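Here's the letter readout for the chains.
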Amino acid sequence: MKIHEKIITHYLSCTSPVDKEGYLYKKRERNTTYLRRWFVLKGNLLFYQERPGDRNLLGVIVLEGCMVQACETDGQFCFSLVFTGPGLRTYRLAADDHFSQESWIGALFCASHIYLSVIVRDLERRYEEARRDKGLCDSIQSSAVASTPNNIMASWNTGQPFFVHGTSIVPRDGRSYSTSSIPPPSVPNRPISYSLHAPPIQFKTSNKRSPKLWPKRNAHVTPLNGPVPSFGEWPVVNFDPSEEFSKLHEYYGNEIKQLRADWLKKKREEVGYVAEDLIDLG
Amino acid sequence: MRFNEKELVFLSRQPSERAAELGMRGPKKGDVVKRRQVKLIVNFLFYFRIDEDEPIGALLLEQCRVEKEDNHAFSIVFLDEAERKYLFECDSQEQCVEWIDAIVKASYEFMRKNLIHYRTEIHRLTGKDPLEQYGISDETRFQVNSGLPPLPPPPT
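Note that the structure is predicted; figures quoted are calculated from it, not measured.

Visitor: Lay out the overall build of chain B with the relevant residues and their values.
Guide: Regarding its fold elements, chain B presents three helices and eight strands. Listed N to C, the secondary structure of chain B is β-α-β-β-β-β-β-β-β-α-α in terms of helices and strands. Going through the 156 residues of chain B one by one, you find that 49% of them count as buried. Residue pairs in contact within chain B that sit at least 24 positions apart in sequence constitute 40% of those at least 6 positions apart.

This is the structure in structure tokens:
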């Protein structure tokens, strides 16, 4: 596959900001030696060359679909870029000291386009909320700036672990740097993992549980102080709970309608006729 | 220059933001329009021969200009010295406009600017930095002044 090298190197050398650069050790693919290379991180691309200022780039790593993990197996200050997928590679890197290791892991963790688009989407929503709170908005439409891709989130999160790992947001503590599908432990605002993992609206087909069986919880209330309920406890719908109740009503209503249709059909088969409803359900 | 080809090919097989069969013409003199399956994923435009699994190539959508051309077409011009121009022919005006919009918004730098804009505005409206809860408020890439040249690396 052709990568159009000149376009990529031009992006590196143009005036937009470099996100991070410095020396790291890179383990060779089939060898156990680590070679010292000058790395430059820009956007979702990690470039490497022998020395800073070298005109000859050795290579580039596109940082989409990988987890960043600290690992101590090869010695100190090591970390890996683990690409999740069949036959995909793990890049093993090492820093000079603990500070550099942490700093690089942090920068690489939030470098992917996928990650960025999730954050932007969340900020866009919160911006609209903040404007509404201040009484500034008369329309729901976002202003001059872009709205991020919608379908990409829903489809990437159903199925392949590749993207489930890639899109969960975990607030970083001192230890966990790898993205995972665990929702954040306690978040004052609505947890982002909610909107990430909710699949598109599916009426009845996949979820046979009647909503009455779920623990009694008002789906529209975001816990302010307690821990976020795990994903399984939220109703399986893909919209902002602060939107119209009518959508939720229709969603649950459809399940009832279906149950009733099934019941009527069954009754017809048993009895040979259908009595009129005692109550006019409209 | 080496690159993680296997991982990129894997990426090209994921669900895309936008995909369609378009006419595509390369930048060289004498290049003709060919039917290609074009897929927009993150900030890459992958293009395949029709019904083939492995992409012919991937165009990084950074540092480029996207323009409307005549007859339901648009072009992408890469702003390096060569100013290479790729032409894409769509089936309708609507499809053409949608592609232009999607490509512009797919650029990493475009999204970064958006993020910084929203971050600044939310902070102005609420007094809070929305990135704090993710633990990323100190990352260089999200700073308001990230248009400035980076500091030189500390001496090793």
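Visitor: So what's going on with the sheet that holds strand 4 (residues 59-62) of chain A? Residues and values would help.
Guide: Spatial strand order, 5(A)-6(A)-7(A)-1(A)-2(A)-3(A)-4(A)-1(B): eight strands in an open sheet with mixed pairing. With partners counted over all chains shown, the strands left at the sheet margins are strand 5 (66-70) of chain A together with strand 1 (2-3) of chain B, one partner each. Note: strand 4 of chain A against strand 1 of chain B, two bridges, orientation parallel. Its bridge partner lying in strand 1 of chain B, Gly 59 of chain A is registered against Arg 2 of chain B. Each of strand 1 (20-27), strand 2 (34-42), strand 3 (45-49), strand 5 and strand 6 (78-83) of chain A touches helix 2 (residues 98-109) of chain A; the most contacted strand, strand 1 of chain A, lies at about 100° to it.

Visitor: I'd like a description of helix 3 (residues 108-126) of chain B, backed by residues and values.
Guide: In a regular helix each residue adds 1.5 Å, so 19 residues correspond to 27 Å; helix 3 of chain B covers 27 Å between its end C-alpha atoms and thus fits that length. Of all the positions in helix 3 of chain B, only Tyr 108, Glu 109, Met 111, Arg 112, Asn 114, Leu 115, Ile 116, Tyr 118, Arg 119, Glu 121, Ile 122 and Leu 125 of chain B are classed as buried. Of the surrounding secondary structure, the elements contacted by the buried residues of helix 3 of chain B are helix 1 (5-13) and helix 3 (113-133) of chain A together with helix 2 (93-106) of chain B. Two or three places before Glu 109 of chain B, at the start of helix 3 of chain B, stands the capping residue Ser 107 of chain B, its side-chain oxygen 3.3 Å from that residue's backbone nitrogen.

Visitor: How would you summarise the interface of chain A and chain B if you had to cite specific residues and measurements?
Guide: Between chain A and chain B, the residue contacts involve 82 residues of the former and 64 residues of the latter. Counting the surface lost from both chain A and chain B, the interface buries some 6,600 Å², and carbon and sulfur atoms represent 64% of this. Among the ionic pairs, Asp 19 of chain A bridges to Arg 112 of chain B, the shortest N-O distance being 2.8 Å. For the interface between chain A and chain B, the tally reads 24 residue pairs in polar contact (both at pLDDT 80 or more). A per-class count over the side of chain A that touches chain B returns 46 nonpolar, 20 polar and 16 charged.

Visitor: Just give me the short version of the side chain of Ser 112 of chain A, but keep the residues and values in it.
Guide: Tracing the backbone shows Ser 112 of chain A in the loop between helix 2 and helix 3. One polar contact links the side chain of Ser 112 of chain A to the main-chain amide nitrogen of Tyr 115 of chain A, over a distance of 3.0 Å. Once residues within four sequence positions are removed from consideration, Ser 112 of chain A is found in contact with Asn 44, Leu 63 and Glu 64 of chain A together with Tyr 108 of chain B.

Visitor: Let's hear about the pattern of salt bridges: which residues, and what values?
Guide: A side chain with one charge can pair with a side chain of the opposite charge if their charged atoms come near. On inspection of all chains with the given rule, the structure shows 18 salt bridges over all chains. Among the ionic pairs, Arg 141 of chain B bridges to Asp 19 of chain A, the shortest N-O distance being 3.3 Å. A residue pair is termed interchain when its members come from two chains, as with Arg 141 of chain B in the segment after helix 3 and Asp 19 of chain A in the loop between helix 1 and strand 1. Residue Arg 141 of chain B is classed as buried on the basis of its relative accessible area of 2%. Lys 85 of chain B serves as the salt-bridge partner of Glu 69 of chain B, at 3.2 Å between the closest nitrogen and oxygen.

Visitor: Please set out the pairing of strand 2 of chain A residue by residue, giving values where relevant.
Guide: All names here are of chain A. The pairing of strand 1 with strand 2 spans eight bridges and is classified as antiparallel. Bridge pairing in strand 2 links Gly 22 to Phe 39. In this antiparallel pair of consecutive strands, strand 1 and strand 2, the connection spans six residues. As judged from the five bridges shared by strand 2 and strand 3, these two strands associate in the antiparallel manner. The residue bridging Phe 39 from the neighbouring strand is Tyr 48, located in strand 3.

The rules behind these values
- Residues numbered from 1 in each chain as written.
- Chains lettered and ligands numbered in written order.
- Predicted model: local features only at pLDDT ≥ 70, side-chain atom pairs only at ≥ 80, totals over all residues.
- Heavy atoms only, no water.
- Helix = DSSP H or I, 4+ residues; strand = E, 2+ residues; numbered from the N terminus.
- Buried < 20%, exposed > 50% of the residue type's maximum accessible area, 1.4 Å probe, protein only.
- Contact = heavy atoms within 4.5 Å.
- Pairing = 2+ DSSP bridges.
- Axes fitted to C-alpha atoms, helices over the stretch in contact; angles between N-to-C directions.
- Expected span 1.5 Å × (residues − 1).
- Polar contact = N/O pair within 3.5 Å; in protein donor to acceptor, adjacent residues only side chain to side chain.
- Buried area = accessible area lost by both parts, 1.4 Å probe.
- Salt bridge = Lys/Arg side-chain N within 4 Å of Asp/Glu carboxyl O.
- Nonpolar A, V, L, I, M, F, W, Y, C, P; charged D, E, K, R; others polar.

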